[in-house]
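Okay, here's what each chain looks like letter by letter:
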Amino acid sequence: MKKEKFWVYRRYANKGEPTYSEKSYSVPHDVGGRRIEGMEEWASWYCFNKNEDGVYEAELDEAWNEGSHNGGGTICVEIPKEWFDFSYDEFLEHVVTLSAASHYGFTPDDLRTKEGLKAFFGFEDK
């Protein structure tokens, strides 16, 4: 069961909301290593979870148009415990590699701008 959630991005957030971004976090759609001309896929949301047992997860929902509905799904990956021994900057370099975040264009700099994220991960005391 999830204990806490830290929202980084929501595609349909309004300007001024903490999860809003000018970036679209979308890329050309790829099927089996082949890009589909004129079709894009995007991140619907990106967040981090802290479970009751102290385990952290990176979560990203990806989507693309499939006719009358969107395809895709939610990717949720546990953040390795040993990564919390890194400096905060090193941690961010690693954490964007999870849940396809870097695929959609998320960078460590994007995460550095998120107020409260450092404390959420417990790096303020280090």
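Source: prediction; values computed, not measured.

Engineer: Which parts of the structure should I look at to understand the overall build of the protein?
Structural biologist: Broken down by element type, the protein carries three helices and five strands. Taken over C-alpha atoms, the radius of gyration comes to 15 Å for the protein, in line with the 14 Å a tight globule of 126 residues would show. C-alpha extents for the protein along the principal axes are approximately 50 × 35 × 30 Å. Here the protein holds 126 residues, and the buried ones make up 39% of them. For the protein, the share of sequence-separated contacts (at least 6 apart) that also reach a separation of at least 24 residues comes to 48%.

Engineer: Sorry if this is basic, but what is going on with the side chain of Glu41 here?
Structural biologist: With respect to the element layout, Glu41 can be found in strand S3 (residues 34–51). Looking at Glu41, its side chain comes within polar contact range of the side chain of His103, at 2.8 Å.

Engineer: Please clarify how the pairing of strand S2 (residues 26–31) should be interpreted in this entry.
Structural biologist: Walk down a regular strand and you will see the side chains alternate between the two sheet faces. Bridge count for S2 against S3 is five bridges, and the pairing is antiparallel. Residue pairing across strands places Ser26 opposite Trp42, the latter belonging to S3. Connecting the antiparallel pair S2 and S3 is a turn made up of two residues, with Gly32 showing a positive phi of about 60°.

Engineer: Is there a simple way to explain the nonpolar core in this structure?
Structural biologist: The nonpolar side chains of a soluble globular protein tend to be buried with one another. Counting residues in hydrophobic clusters, the biggest one holds 29 residues, and the most contacted among them are Tyr46, Phe48, Ile79, Phe91, Phe106, Leu111 and Phe121. Every element with two or more residues in this core is listed here: strand S1 (2–10), S3, strand S4 (56–66), helix H1 (88–95) and helix H3 (117–120). Once you skip the residues sitting within four places of it in the chain, Phe91 turns out to touch Ile79, Trp83, Phe84, Phe86, Phe121 and Phe123.

Engineer: Mind showing me how you'd approach the packing of aromatic side chains here?
Structural biologist: Between two aromatic rings, the relevant description is the distance of the centres plus the angle of the planes. In total, this model carries 18 aromatic pairs according to the counting rule given. With centroids separated by 4.9 Å and ring planes inclined at 35°, the aromatic side chains of Tyr56 and Phe84 adopt a geometry described as tilted. Within this pair, whereas Tyr56 is found in strand S4, its partner Phe84 is found in the loop between strand S5 (69–78) and H1, the two being separated by 28 residues in sequence. No difference in accessibility class separates Tyr56 from Phe84, as the two residues are buried. Across from the ring centre of Trp7, 5.2 Å away, lies the NZ or CZ of Lys5, which sits over that ring.

Engineer: So what exactly am I meant to see when it comes to the pairing of S5 here?
Structural biologist: With ten bridges connecting them, S4 and S5 associate as antiparallel partners. Counterpart to Ala63 in the pairing with S5 is Gly72. As consecutive antiparallel partners, S4 and S5 are separated by two residues, and within that stretch Gly67 has a phi angle of approximately 80°, a positive value.

Engineer: What should I look at first to understand the environment of Glu41 in this one?
Structural biologist: Residue class for Glu41 comes out buried when judged on its relative accessible area of 4%. Apart from residues lying up to four places away in sequence, Glu41 is in contact with Tyr25, Ser26, Val27, Pro28, His29, Asp30, Glu62, Ala63, Trp64, His103 and Tyr104. A polar contact is formed between the side chain of Glu41 and the side chain of Tyr104, at a distance of 2.9 Å.

The rules behind these values
- Numbers given for residues are sequential positions, taken from 1 along each chain in its written order.
- Where local features are concerned, this predicted model is filtered to residues with pLDDT of at least 70; where side-chain atom pairs are given and counted, the filter is 80 or more; whole-chain, interface and lining totals use all residues.
- Only hydrogens and water are removed before side-chain values are computed, so all heavy atoms of the structure are retained for them.
- Going along the chain from the N terminus, every DSSP run of H or I of four or more residues is numbered as a helix, and every run of E of two or more is numbered as a strand.
- Throughout, the radius of gyration refers to the C-alpha atoms, and the reference size of a globule is 2.2 Å times the residue count to the power 0.38.
- Note on exposure labels: buried denotes an accessible area under 20% of the residue type's maximum, exposed denotes more than 50%, and partly exposed covers the range between, all computed with a 1.4 Å probe on protein chains only.
- Throughout, a residue-residue contact means that at least one pair of heavy atoms, one from each residue, lies within 4.5 Å.
- Within 3.5 Å is the distance limit for a polar contact, defined as a pair of N or O atoms, with the added protein rule that one can donate a hydrogen and the other accept it, and that residues adjacent in sequence qualify only through two side-chain atoms.
- Between any two strands, at least two bridges found by DSSP are needed for them to pair.
- In this description, a nonpolar core means a group of buried Ala, Val, Leu, Ile, Met, Phe, Trp, Tyr and Cys residues linked to one another through side-chain atoms lying within 4.5 Å.
- Ring geometry is summarised as follows: Phe, Tyr and Trp rings, the Trp one being its six-membered ring, pair when their centres sit within 6.5 Å, and such pairs are stacked at plane angles under 30 degrees, edge-to-face over 60 and tilted between the two.
- Only lysine NZ and arginine CZ atoms are considered, and such an atom sits over a ring when it is within 6 Å of the ring centre and within 35 degrees of the ring normal.

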